[in-house]
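Below, each chain spelled out in residue letters.
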Amino acid sequence: MAKLVEITIDGKECMAEEGMYLVDAARENSIYIPTLCNIQGVKPKGACRICSVKINGRFMTSCTTPVTDGMVVEHNTPEIQELRKSIIEMMFVEGNHLCPSCEKSGNCELQALAYRFNIMAPRFSFLFPVREIDASHPKIIKDHNRCILCKRCVRVIKNEDGKSIFAFRNRGLNTEIYIDPELAGLLTDELADKAVEICPVGAILKREAAFRTPIGQRKYDKEPIGADIEKSHNINGGHDNE
Amino acid sequence: MESKIHNITQRYGNDKTRLMDILIDVQDEIGYIPETAINEIAKEVKISRADVEQTLTFYHFFSTQSTGKFAIYLNTSALAYMRGRNEVAKALQQEAGCSFNSVSEDGLIGLFDTSCIGMSDQEPAAIVNGKIFPNLSSFRARELIRDIKAGKSLEELVIEGYGDGQNSSEEIKAVVNNNIRKIGPVLDPNYKPGDAIRQKLPSSTPVQIIDEIKASNIRGRGGAGFPTGMKWELCRKAEGEKKYIFCNADEGEPGTFKDRVILTQRPKLLLEGMVIAAYAIGASEGILYLRHEYKYLKNYLENLIQEAHGHNLLGENIAGIKGFNFDIRIQFGAGSYVCGEESALLESAEGKRGEPRDRPPFPVEKGYLDQPTVVNNVETFCSAVKVILNGGEWYKSFGTEDSTGTKVLSISGDCKFPGIYEVEWGFNVNDICDMVGAEDVQAVQVGGPSGSLVGPDDFYRTLSYADLSTGGSLMVFNNTRDILETVVLNFTEFFIEESCSSCSTCRIMPVILRNKLKKILNARGVKQDITDMEEWSKTLKASRCGLGQTAANPIITSIQNFRHLYEQKIQPEIDYDTGFDLLASVKGACEATRRKPSVKIH
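What counts, and at which threshold
- Residues numbered from 1 in each chain as written.
- Chains lettered and ligands numbered in written order.
- Predicted model: local features only at pLDDT ≥ 70, side-chain atom pairs only at ≥ 80, totals over all residues.
- Helix = DSSP H or I, 4+ residues; strand = E, 2+ residues; numbered from the N terminus.
- Rg over C-alpha atoms; globule rule 2.2 N^0.38 Å.
- Buried ≥ 20, exposed ≤ 12 C-beta atoms within 10 Å, placed from the backbone.
- Contact = placed C-beta atoms within 7 Å.
- Nonpolar A, V, L, I, M, F, W, Y, C, P; charged D, E, K, R; others polar.
- Pairing = 2+ DSSP bridges.
- Axes fitted to C-alpha atoms, helices over the stretch in contact; angles between N-to-C directions.
- Domains from an automatic or database assignment.
- Arc of directions from axis to C-beta.
- Parallel < 35°, antiparallel > 145°, perpendicular 65-115°, else oblique.
- Left-handed = near helix turned anticlockwise from the far one by under 90°.
- pLDDT = per-residue confidence, 0-100.
- Core = buried A, V, L, I, M, F, W, Y, C linked by C-beta atoms within 7 Å.

### Comments concerning the overall build of chain B
Here's step 1: In terms of helices and strands, chain B carries 24 helices and 15 strands.
Here's step 2: Relative to the globule expectation of 25 Å for 602 residues, the C-alpha radius of gyration of chain B, 25 Å, shows essentially globular dimensions.
Here's step 3: Viewed in the frame of its principal axes, chain B has a C-alpha envelope of about 85 × 60 × 45 Å.
Here's step 4: In chain B, buried positions account for 56% of the 602 residues.
Here's step 5: The contacts in chain B between residues at least 6 apart in sequence include a share of 72% that link residues at least 24 apart.

Put into structure tokens, the structure is as follows:
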């Protein structure tokens with residue numbers, strides 16, 4: 001087992017394995033730092049910036065920052081919570097997110113975060129981009145309206161040769177996820193399911209598989225996002241949920 | 001086609017980390033990168049089509065469609081507009097018979113916008129098939145198109161004669177001027193190439209070299225200002241199979257052009273600086289990452305690298321030091337501002353999208369191909385040579401205590417003598433206005449769009465890392481300029497265009513801010529809009545790289561220092577306005593039905 005180090009998150013002393021990412025260390029200590037682009041165990045990208053915390057007065061993303069001994073972290077402060085809320089709102093105005101008609105509603109991490117942050121309506125004006133739905137692939141449908149460019153699919157879904165199936169295309173506001181037409185045609189059911197599962201929003205959908213779980217029985221219909229972490233036991237075995 | 005692509009990928013050993021070079025060669029040889037080429041590259045290099053696409057579509061100078069036999073890229077920087085870009089663009093469109101971002105029907109001429117190309121002291125300027133055409137008037141623009149249509153070659157299009165200094169040399173032949181107006185240690189013409197390497201390296205240990213650099217207190221000249229000696233030391237101590245020296249010659253900050261002049265007039269100084277750094281950290285390979293806009297310097301610089309080999313200043317056992325082997329190659333970018341950020345530059349050099357990396361790890365630990373890497377600016381390497389030749393103490397006699405040495409400035413805009421000035425740190429803005437012959441000054445943009453817009457009340461402030469930090473871009477605006485429209489809006493559009501789009505903050509927030517600014521410029525703003533812009537721009541501080549973090553600086557610093565300009569444009573009598581333009585929204589419907597809107601707009 002790696003060396004244990006002590007870090008402080010909002011004044012609370014926490015133990016963590018040296019070098020583990022801060023977001024994971026917090027989770028082990030029953031502290032939920034919200035994330036969107038991060039997937040535990042996959043090389044982080046720091047794309048959404050929602051997990052930003054302050055270390056030494058500077059914003060750092062907790063999904064990409066390894067813990068070091070004595071690290072002092074600000075996490076639940078008005079400034080940081082306001083930043084996170086702004087980012088969620090920005091994502092809502094950047095795309096076209098129509099929750100009531102979305103297959104992912106109830107399983108959507110973006111929607112769940114909006115509830116957790118008590119967002120009624122974004123403060124920013126909607127950009128109303130004109131985006132397409134790509135239904136040209138045999139197994140999956142890509143709805144660009146809902147894509148938040150988290151790069152989860154780009155980073156995780158590779159074929160057996162390690163080649164990318166999903167990729168970023170263009171830059172700036174024109175950035176979108178591109179799907180390799182040839183490799184998408186060869187996509188296995190397992191990989192297609194995985195792509196759907198890891199998409200935090202409803203941008204990747206499996207054909208002929210909608211609404212298998214009824215609305216009302218979905219993941220975040222039962223409890224808010226992050227609640228499981230906050231209720232869990234921390235790394236030292238003690239229960240800490242103050 | 002297949003054999004052509006095959007030859008190109010072979011040239012780079014079918015190595016996917018050389019994808020940039022492969023794509024550049026395909027673009028050069030075919031004129032664009034067609035679908036068949038993408039598939040062929042993917043096959044040869046053994047990556048997916050998606051992998052090729054994601055790199056290809058990131059860079060501005062790559063195109064999947066023909067860009068015309070003559071591709072004209074006209075600069076969109078604020079300076080270009082101030083000097084008549086609109087008229088030039090209009091003339092080009094009229095004469096070519098196509099609008100911007102399209103190609104004429106006969107496929108002869110393509111017209112495209114492009115961000116600052118490093119010619120701010122000779123705008124409006126365009127790049128035509130790699131050749132620079134500065135100081136364009138609408139007359140000259142028309143003439144260019146007519147000559148192209150008359151069948152003239154690229155060389156024959158040049159009628160203005162070549163520029164000063166090396167610009168008119170056989171290897172460069174560029175219609176570009178250096179406009180050097182003040183020299184100092186870096187630009188000193190009495191420089192003997194190789195002296196520092198031959199006289200100092202054989203008798204010094206690498207640690208002694210680093211100590212001398214540390215003693216000089218020199219800090220990075222690209223803008224971020226990291227202490228150079230410390231960077232070299234960290235890299236020397238880092239563990240890795242191989243170490244790399246990178247020169248960042250991707251000066252993309254609008255208004256900067258000093259590296260272009262150094263590369264033209266003092267390239268040997270730069271190469272020498274890279275060799276010294278290599279000796280200090282124990283590197284065996286150096287890469288000069290050069291922005292695509294400066295591709296006209298390619299042959300010139302490659303010949304100089306060859307020449308240095310002949311003088312035993314590059315290659316094996318340099319200057320007779322046994323086992324000191326170091327070589328330099330040039331890596332071109334393909335049009336991306338963000339690649340000037342050091343970790344994005346490394347990503348690009350590895351054949352990927354130029355998206356900055358999260359730190360830690362820092363490039364000195366894990367840089368190019370995950371090996372310890374020093375990335376320094378052109379000017380930093382050049383200054384380092386003078387430090388090694390004359391000593392750190394000597395260097396400290398220039399500048400201020402906090403900011404030692406000199407800074408090469410690129411000064412443009414409303415002044416009599418735009419060009420290159422090497423000044424000691426500590427100059428204040430007033431001195432600079434005097435020096436460049438600027439009168440009736442309304443504002444000076446220090447450090448490019450990512451820096452600060454300062455007004456006369458702040459002209460006592462000095463150029464230094466502690467006060468007004470700058471990578472070298474200074475733009476002067478006189479009282480006839482509409483600062484919000486010409487400067488702030490233009491800079492904000494620049495950040496939108498150039499965002500690598502990896503971080504949500506830098507991808508989205510500048511667009512939201514731009515829309516607010518436009519609302520104010522459209523006379524629909526209210527007081528709350530100014531407050532909103534100040535508040536909302538704070539989210540950018542959570543962006544990954546320094547460029548994203550400063551993407552709202554044009555707005556933030558102009559509100560700070562020119563609040564009255566915003567207040568003049570807002571509606572004082574009301575507290576709320578949606579900014580929604582009903583007339584514009586129903587325009588299409590009205591035209592289709594031939595009706596006049598019956599609504600009254602306040």
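### Let's talk about the overall build of chain A
Here's step 1: The helix and strand tally for chain A stands at eight helices and ten strands.
Here's step 2: For 242 residues, the compact-globule estimate of 2.2 N^0.38 gives 18 Å, and the C-alpha radius of gyration of chain A, at 19 Å, lies within 12% of that figure.
Here's step 3: The burial tally for chain A puts 43% of its 242 residues in the buried class.
Here's step 4: Taking as baseline every contact in chain A between residues at least 6 positions apart, the subset at least 24 positions apart corresponds to 64%.

### Concerning the interface of chain A and chain B
Here's step 1: Each partner contributes residues to the interface: chain A has 35 residues there, and chain B has 32 residues.
Here's step 2: Those elements that place two or more of their residues in the side of chain A that touches chain B are β4 (58-61), α2 (78-94), β8 (166-169) and α5 (181-185) of chain A.
Here's step 3: With six residues, α2(A) is the single largest residue contributor to the side of chain A that touches chain B.
Here's step 4: Looking at the side of chain A that touches chain B residue by residue, the classes come out as 18 nonpolar, ten polar and seven charged.

### Regarding the sheet that holds strand β15 (residues 473-478) of chain B
All names here are of chain B.
Here's step 1: With mixed pairing, the six strands of this open sheet are ordered in space as β6-β12-β11-β15-β13-β14. Looking along the sheet, the strands with just one partner apiece sit at the ends: β6 (180-182) and β14 (452-454). Strand-to-strand, the axes of this sheet are offset by a mean angle of 25°, without reference to chain direction.
Here's step 2: In the sheet, strand β13 (residues 441-446) pairs with β14 via three bridges, with the strands oriented antiparallel. Within the sheet, the bridge partner assigned to V446 lies in β14 and is S452.
Here's step 3: Sheet strands in contact with helix α11 (residues 258-265) are β6, β11 (406-413) and β12 (419-424), and its direction is about 115° off that of β11.

### Brief notes about the pairing of β8(A)
Residue and element names in this part refer to chain A.
Here's step 1: Relative to strand β9 (residues 176-179), β8 runs antiparallel, the two being bridged by four bridges. Bridge pairing in β9 links R169 to E176.
Here's step 2: Linking β8 back to β9 in an antiparallel pair, the connection comprises six residues, with N170 at a positive phi of about 65°.

### Let's talk about the domain arrangement of chain B
Here's step 1: Per the domain assignment, the segments of chain B are domain 1 (2-56), domain 2 (70-160), domain 3 (182-396), domain 4 (406-481) and domain 5 (484-569).
Here's step 2: Each of domain 1 of chain B and domain 4 of chain B has a C-alpha centre, and these two points are 43 Å apart.

### Regarding the domain arrangement of chain A
Residue and element names in this part refer to chain A.
Here's step 1: Domain assignment breaks chain A into domain 1 (4-76) and domain 2 (97-221).
Here's step 2: Taken over C-alpha atoms, the centre of domain 1 sits 26 Å from the centre of domain 2.
Here's step 3: At the junction of the two partners, domain 1 supplies nine residues and domain 2 supplies twelve residues.

### Brief notes about helix α9 (residues 206-216) of chain B
Residue and element names in this part refer to chain B.
Here's step 1: Buried within α9 we find I209, I210, E212, I213 and S216. Down the axis of α9, the smallest arc covering the buried residues is 155°, so these residues share one side.
Here's step 2: In this fold, the buried residues of α9 make contact with α10 (228-237), α12 (267-281), α15 (378-390) and α16 (392-396).

### Some remarks on unusual backbone geometry
Here's step 1: Residue R359(B) is joined to P360(B) through a cis peptide bond whose omega torsion reads -5°.
Here's step 2: The residue P360(B) is located in the loop between α14 (342-349) and β10 (373-377) in this model.
Here's step 3: The residue after P360(B), namely P361(B), is reached through a cis peptide bond having omega 0°.
Here's step 4: Position of P361(B) among the secondary structure elements: in the loop between α14 and β10.
Here's step 5: Backbone geometry at F128(A) places phi at a positive 40°, although glycine is not the residue there.

### Regarding the sheet that holds strand β5 (residues 72-74) of chain A
Residue and element names in this part refer to chain A.
Here's step 1: Strand order across the open sheet formed by five strands is β2-β1-β5-β3-β4, with mixed pairing between neighbours. Two strands in the sheet have a free side with no partner beyond their single neighbour: β2 (12-17) and β4. On average, each strand axis in the sheet is inclined to that of its neighbour by 40°, with strand direction left out of account.
Here's step 2: Sheet topology places strand β3 (residues 52-55) next to β5; two bridges connect them, and they run antiparallel. Residue pairing in the sheet places I55 in a bridge with V73 of β5.

### Focus: the packing of α12(B) against helix α13 (residues 298-310) of chain B
All names here are of chain B.
Here's step 1: As a packed pair, α12 and α13 sit with axes 11 Å apart at the nearest point and diverge in direction by 55°. Between α12 and α13, the angle falls in the class oblique. Here α12 runs over α13; the crossing is right-handed. The residues of α13 that touch α12, namely those facing P267, K268 and L271, are L301, L304, I305 and A308.
Here's step 2: Looking at the contact of α12 with α13 residue by residue, the classes come out as six nonpolar, no polar and one charged.

### Quick look at helix α4 (residues 49-56) of chain B
Here's step 1: The element α4(B) is largely enclosed, with a buried count of eight among its eight residues.
Here's step 2: For α4(B), the full list of buried residues reads R49(B), A50(B), D51(B), V52(B), E53(B), Q54(B), T55(B) and L56(B).
Here's step 3: Where α4(B) is buried, its residues meet β8, β9 and α5 of chain A together with α2 (19-30) and α3 (35-45) of chain B.

### Comments concerning the packing of α12(B) against α15(B)
Residues and elements named next belong to chain B.
Here's step 1: With their axes 8 Å apart at the nearest point, α12 and α15 run at an angle of 75° to one another. Of the possible angle classes, the one that applies to α12 and α15 is roughly perpendicular. Across the interface between the two elements, L269, L270, E272, G273, M274, I276 and A277 of α12 pack against V378, F381, C382, A384, V385 and I388 of α15.
Here's step 2: When grouped by side-chain class, the residues that make up the contact of α12 with α15 number eleven nonpolar, one polar and one charged.

### Section: the confidence of the model for chain A
Here's step 1: In the predicted model, chain A carries a mean pLDDT of 92, and 95% of its residues have values of at least 70.
Here's step 2: Within the model, pLDDT remains below 50 along residues 235-242 of chain A, and this stretch shows twelve contacts once partners closer than five positions in the same chain are excluded.

### Observations regarding the confidence of the model for chain B
Here's step 1: Of all residues in chain B, 99% attain a pLDDT of 70 or more, and the chain-wide mean is 96.
Here's step 2: Scored by ipTM, the complex comes to 0.94, with pTM at 0.95.

### Things to note about the nonpolar core
Residues and elements named next belong to chain B.
Here's step 1: Counting 250 residues, the largest nonpolar core has V275, I276 and A277 as the members making the most contacts within it.
Here's step 2: The element contributing the most residues to this core is α12, with eleven residues.
Here's step 3: Look past the residues within four positions of V275 in its chain and what remains in contact with it is I197, L313, L314, I318 and F326.

### A word on the pairing of β4(A)
Residues and elements named next belong to chain A.
Here's step 1: Pairing geometry for β3 and β4, over four bridges, is antiparallel. By the bridge assignment for β4, S52 is matched with T61.
Here's step 2: Between the end of β3 and the start of β4, which pair antiparallel, lie two residues, with N56 showing a positive phi angle near 55°.

### Focus: the environment of L463(B)
All names here are of chain B.
Here's step 1: You can see L463 is positioned in the loop between β14 and β15.
Here's step 2: In this structure L463 comes out as buried when scored by C-beta crowding, with 26 C-beta atoms within 10 Å.
Here's step 3: Each C-alpha atom of the pair L463 and V446 lies 8.6 Å from the other, and the pair is 17 residues apart in sequence.
Here's step 4: Excluding anything up to four places from it in sequence, L463 contacts K407, W425, G426, F427, L468 and T470.

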